[in-house]
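Survey of secondary and tertiary structure
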Amino acid sequence: MNEIRQETAEQTPAPEEIVYSRYICTANHGFAPYAQEELFRLFGAVKSTQLLPGEVFIATLQVEPAEVSRALLQNLPIFLRHIQPIQFQDEGDMPALQRLAEYLSQQSELEGKKVALHLRKSGDYFWQESAGELREWLQDQLQSLNAEFTVQDPDWVISVYADGEALYAGVSLPEDNLSSWNGGAIRFRKDDGQISRAKFKLMEAEKEFDIPFSSFRNAVDIGASPGGWTSFLLERGMKVTAVDPALMHESLRNAPGLKVLRKNAGEVKFKNNEFDLLVCDMSWSPKLMAKLVTGLLYSLAPGGTAIVTVKLMHKKPLAMIKEIVGMFEEERMQIQRAKQLVHNRDEITLYMIKY
Ligand SMILES: C[S@@+](CC[C@H](N)C(=O)[O-])C[C@H]1O[C@@H](n2cnc3c(N)ncnc32)[C@H](O)[C@@H]1O
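Just so it is clear, the structure is predicted and the values come from calculations on it, not from any experiment.

**Structural notes on the sheet that holds strand β9 (residues 166–172)**
Within a sheet, neighbouring strands are paired by backbone hydrogen bonds and run either parallel or antiparallel to one another. If you walk across this open sheet you meet the five strands as β5-β9-β8-β6-β7, and the pairing is mixed. Both edges of this open sheet fall to β5 (88–89) and β7 (148–150), since each of them pairs with a single strand only. Bridge count for strand β8 (residues 156–163) against β9 is seven bridges, and the pairing is antiparallel. Residue pairing in the sheet places Ser159 in a bridge with Gly170 of β9. Seen against the sheet, helix α5 (residues 131–143) touches β6 (114–122), β7 and β8 and runs at an angle of roughly 150 degrees to β6.

**Topic: the pattern of salt bridges**
Going through the model one piece at a time under the given rule, you end up with eight salt bridges. Ionic pairing is found between Lys199 and Glu235, a salt bridge with its closest N-O pair at 2.8 Å. Placement of Lys199 in helix α6 (residues 199–208) and of Glu235 in helix α7 (residues 228–235) is noted, with a sequence separation of 36 residues between them. Looking at Lys199, the relative accessible area reads 6%, which means it is buried. The network of salt bridges with common partners includes Lys201, Asp281, Lys311 and Glu347.

**A short note on the site of the ligand**
What surrounds the ligand is a group of 20 residues, the closest being Gly228, Trp229, Asp244, Ala265 and Asp281. The backbone of Gly228 places a nitrogen or oxygen atom 2.9 Å from an oxygen atom of the ligand. A distance of 3.2 Å separates a nitrogen atom of the ligand from a polar atom in the side chain of Asn264. In the complex, the protein chains occlude 83% of the 610 Å² of accessible area that the ligand would expose alone. Taken together, the residues of the shell around the ligand break down into 10 nonpolar, seven polar and three charged.

**Concerning the packing of aromatic side chains**
Taken as a whole and judged by the stated rule, the model has nine aromatic pairs. On the numbers, 5.0 Å between centres and 90 degrees between planes, the contact of Phe213 with Phe232 is edge-to-face. With Phe213 in the loop between α6 and β10 (218–222) and Phe232 in helix α7, this residue pair connects regions lying 19 residues apart in the sequence. Note on accessibility: Phe213 and Phe232 belong to one class, buried. Ring plane angle 85 degrees and centroid distance 5.0 Å describe the contact between Phe270 and Phe275, whose orientation is recorded as edge-to-face. Here Phe270 and Phe275 have matching classes, each one buried. Members of the aromatic cluster, joined through ring pairs, are Phe31, Tyr34 and Phe79.

**Overview of the side chain of Ser299**
Note on placement: Ser299 falls in the loop between α8 (286–294) and β14 (300–311). The exposure class assigned to Ser299 is buried, which follows from its relative accessible area of 1%. At 2.7 Å, the side chain of Ser299 and the backbone oxygen of Leu296 are in polar contact. Contact partners of Ser299, with chain neighbours within four places excluded, come to Phe270, Lys271, Asn272, Asn273, Glu274 and Phe275.

Reading the values: the criteria
- Residues numbered from 1 in each chain as written.
- Predicted model: local features only at pLDDT ≥ 70, side-chain atom pairs only at ≥ 80, totals over all residues.
- Heavy atoms only, no water.
- Pairing = 2+ DSSP bridges.
- Helix = DSSP H or I, 4+ residues; strand = E, 2+ residues; numbered from the N terminus.
- Contact = heavy atoms within 4.5 Å.
- Axes fitted to C-alpha atoms, helices over the stretch in contact; angles between N-to-C directions.
- Salt bridge = Lys/Arg side-chain N within 4 Å of Asp/Glu carboxyl O.
- Buried < 20%, exposed > 50% of the residue type's maximum accessible area, 1.4 Å probe, protein only.
- Near = heavy atom within 4 Å.
- Polar contact = N/O pair within 3.5 Å; in protein donor to acceptor, adjacent residues only side chain to side chain.
- Areas by Shrake-Rupley, 256 points an atom, 1.4 Å probe, with all protein chains shown as cover.
- Nonpolar A, V, L, I, M, F, W, Y, C, P; charged D, E, K, R; others polar.
- Phe/Tyr/Trp six-rings, centres within 6.5 Å; stacked < 30°, edge-to-face > 60°.

Written out as C-alpha cells, the structure reads:
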C-alpha cells in the first residue's frame, strides 16, 4: 500500500511544479470551438473559460509559454487568430495594472525598445480610466525605461483585456501573438467606388501572408464578379482574365489589362503555364470548387501562386479542410498557409505555390 502511494506521489508533480500558461485566445465569431480543437490537438488538455461567446476565451495549457510559442509557430493554426498571454490579473487588492507596472520597472529588455499597447474589452465593464488615460499611464511607465510608445512594428506588445469583473494583462513579442494586430483584426477603410467588400480579403491576405502581388504579371480570377478582387489585381499592375457568368461591375468596363470571360469556369480553356497567379473566390461547395480549380492548374506556371477561398459548409471543417488541402497537394500545390482571415466569414483562405 505504502509502495503504491509512493509511486503515485512520484508520478504526480506537486502543484507548484505543474507549469501552466494562460492566454486570451481569439477566433472569428462562431469559430472559437475550432480554435479550441486546434489547441487541444497541439497541447492536449485545454481548460477554457469563455469571455465573448464563440469568439474570445481564456485557455489554460499545461505547457510552458516558450513551448506554446514554438509549437504554434511550427503549426500555424487556421482558426486560432490571436493569442495574448495573461501574466497579470486583478487579485486581492493588487490590481493587474499595478502588477504590470512593477514588472515593467524590472524589465531591462524593454529599454530603448518600441512598445505597442493593445487594449480590448468584452462585456459592459471597462477599466475605470478611459483608454486614453490608460495609454498615458503606460507611457509614463515606459518613459522610465526609455522605451518608445508605438503603434506600428513594435518590438514588444503590452496587451490589456478588460472583461466583466476582471482585467488581464501580459507582455509578449508580436510573433508570439500569432498576429501583430490588436486581437489579430486588421481593418481597412472602404474606399469610395470600391466594388465589393470581398476586396478586403485579398488586401488582408497580402499583409497576413506577405504576398508580393506587384511581382505577378498575368492573373486569372475565377468567380470574379462583381470584381473586387479583379480591381485589386489590376491596381497591383497585373493583366487579369476574369471568369464569371455574372456581370462585372460597370466601373471595370474597358479597364486596361482586363479580359472578361462570361463563362462557367468549367467551360474555359487556357494555354499551359499562361498565368503566374490564380485566384478563386467562388461561393460554391468546397469539393466542387477544388475539382474545378485543380482542373485549371495546368494554366498556372510552376512557381506560380494560387489563392482560393474555401467555404465551410461542413459540420467538421477541420476534416473537410484536410481533404481539400489533399486534393491540391496531389496537383503539385504546396500549401503556404491555410487561415481564416478576419474578412473571411464562413470560409478560410488557402495560399499555395505550385512546384
Ligand atoms: C463571392 S462572389 C466573388 C466576389 C469577387 N471575388 C469580388 O471580389 O467581387 C462569387 C462569384 O462566383 C461566381 N461563380 C460561382 N460558380 C461559378 C462557376 N462555376 N464558374 C465561374 N464563376 C462562378 C458567381 O457567379 C459569383 O459572382
